[in-house]
Amino acid sequence: MKATLSAVLVLGLCGYAGAKDEKADPVGTWKCEYDIGGQKRESTLVIKKDGDKLAGTMTYADKQEAKLKDVAVKGGDLTFSAERELKEMKLTIHYKFKVEGDKLEGKGEVNVGGEKREFDITGKREK
């Protein structure tokens, strides 16, 4: 009886974990907002399925588009990086989000002149 109960609990919890991962599907177009230096900014994140991998782009307010690198989803976390060119600087921004349904929340991290800077970023999936 105990073995049967344990098996049911394990299978039930595994089913719950699987359902949570489905809920964390990042594919779609996301309108993102963040604040840098007291200025509100917006960007558009597009995630697509490319075979069995994820790919996409981030388009910033200045219409500059960056191809996403190393896009991955694990346990509800979406991670990737993007290169951004500003004036005479090339910056690599690392992103980490928690995806929950049609919302995402996370951080961007960039190294500017040897100084690590982080910013909060939120997004909503477009319908």
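Check the entry above for the structure.
Residues numbered from 1 in each chain as written. Predicted model: local features only at pLDDT ≥ 70, side-chain atom pairs only at ≥ 80, totals over all residues. Heavy atoms only, no water.

A. View of the overall build of the chain. When helices and strands are counted, the chain shows one helix and eight strands. Ordered by position in the sequence, the α and β elements of the chain form the string α-β-β-β-β-β-β-β-β. Here the chain holds 127 residues, and 30% of them are scored as buried. For the chain, the share of sequence-separated contacts (at least 6 apart) that also reach a separation of at least 24 residues comes to 27%. (Helix = DSSP H or I, 4+ residues; strand = E, 2+ residues; numbered from the N terminus. Buried < 20%, exposed > 50% of the residue type's maximum accessible area, 1.4 Å probe, protein only. Contact = heavy atoms within 4.5 Å.)

B. Looking closely at the nonpolar core. With 25 residues, the main nonpolar core has Leu45, Ile47, Tyr60, Leu68, Phe80, Tyr95 and Phe97 as its most contacted residues. Listed by contribution, the elements that provide at least two residues to this core are strand S1 (28–36), strand S2 (39–50), strand S3 (53–60), strand S4 (65–74), strand S5 (77–86), strand S6 (89–100), strand S7 (103–112) and strand S8 (115–125). The leading source of residues in this core is S6, at five residues. (Core = buried A, V, L, I, M, F, W, Y, C linked by side-chain atoms within 4.5 Å.)

C. Broad picture of the side chain of Arg84. Within the element layout of this structure, Arg84 appears in strand S5. With a relative accessible area of 10%, Arg84 lands in the buried category. A distance of 2.6 Å separates the side chain of Arg84 from the side chain of Gln64, its partner in a polar contact. Look past the residues within four positions of Arg84 in its chain and what remains in contact with it is Tyr60, Asp62, Gln64, Met89, Lys90, Leu91 and Ile93. (Polar contact = N/O pair within 3.5 Å; in protein donor to acceptor, adjacent residues only side chain to side chain.)

D. Representation of the side chain of Ser81 in the model. Within the secondary structure layout, Ser81 lies in strand S5. Among residues more than four places away in sequence, those in contact with Ser81 are Lys67, Leu68, Lys69, Asp70, Thr92, Ile93 and His94.

E. Layout of unusual backbone geometry. The backbone of Lys63 shows a phi angle near 70°, a positive value even though the residue is not glycine. Classification of Lys63 as exposed rests on a relative accessible area of 69%. A positive phi angle is found at Asp70, which is not glycine, with a value near 55°. Structurally, Asp70 can be placed in strand S4.

F. Region of interest: the pairing of S8. Two elements, S1 and S8, share five bridges in a ladder whose sense is antiparallel. Within the sheet, the bridge partner assigned to Lys31 lies in S8 and is Lys124. Examined bridge by bridge, S7 and S8 share ten bridges and lie antiparallel to one another. The residue bridging Gly106 from the neighbouring strand is Ile121, located in S8. Hairpin remark: S7 followed by S8, antiparallel, with two residues in the connecting loop; positive phi at Gly113, about 60°. (Pairing = 2+ DSSP bridges.)

G. Quick peek at the pattern of salt bridges. On inspection of all chains with the given rule, the structure shows eleven salt bridges. In this structure, Glu126 and Lys31 form a salt bridge, with 3.8 Å as the shortest nitrogen-oxygen distance. Residue Glu126 is found in the segment after S8, and its partner Lys31 is found in strand S1; the two are separated by 95 residues along the sequence. Residue classification places Glu126 among the partly exposed positions, given a relative accessible area of 39%. Across the pair Glu83 and Lys69 runs a salt bridge, and its minimum N-O distance is 3.3 Å. Taken together, the residues span a long stretch of sequence, with Glu83 in strand S5 and Lys69 in strand S4 at a distance of 14 residues. (Salt bridge = Lys/Arg side-chain N within 4 Å of Asp/Glu carboxyl O.)

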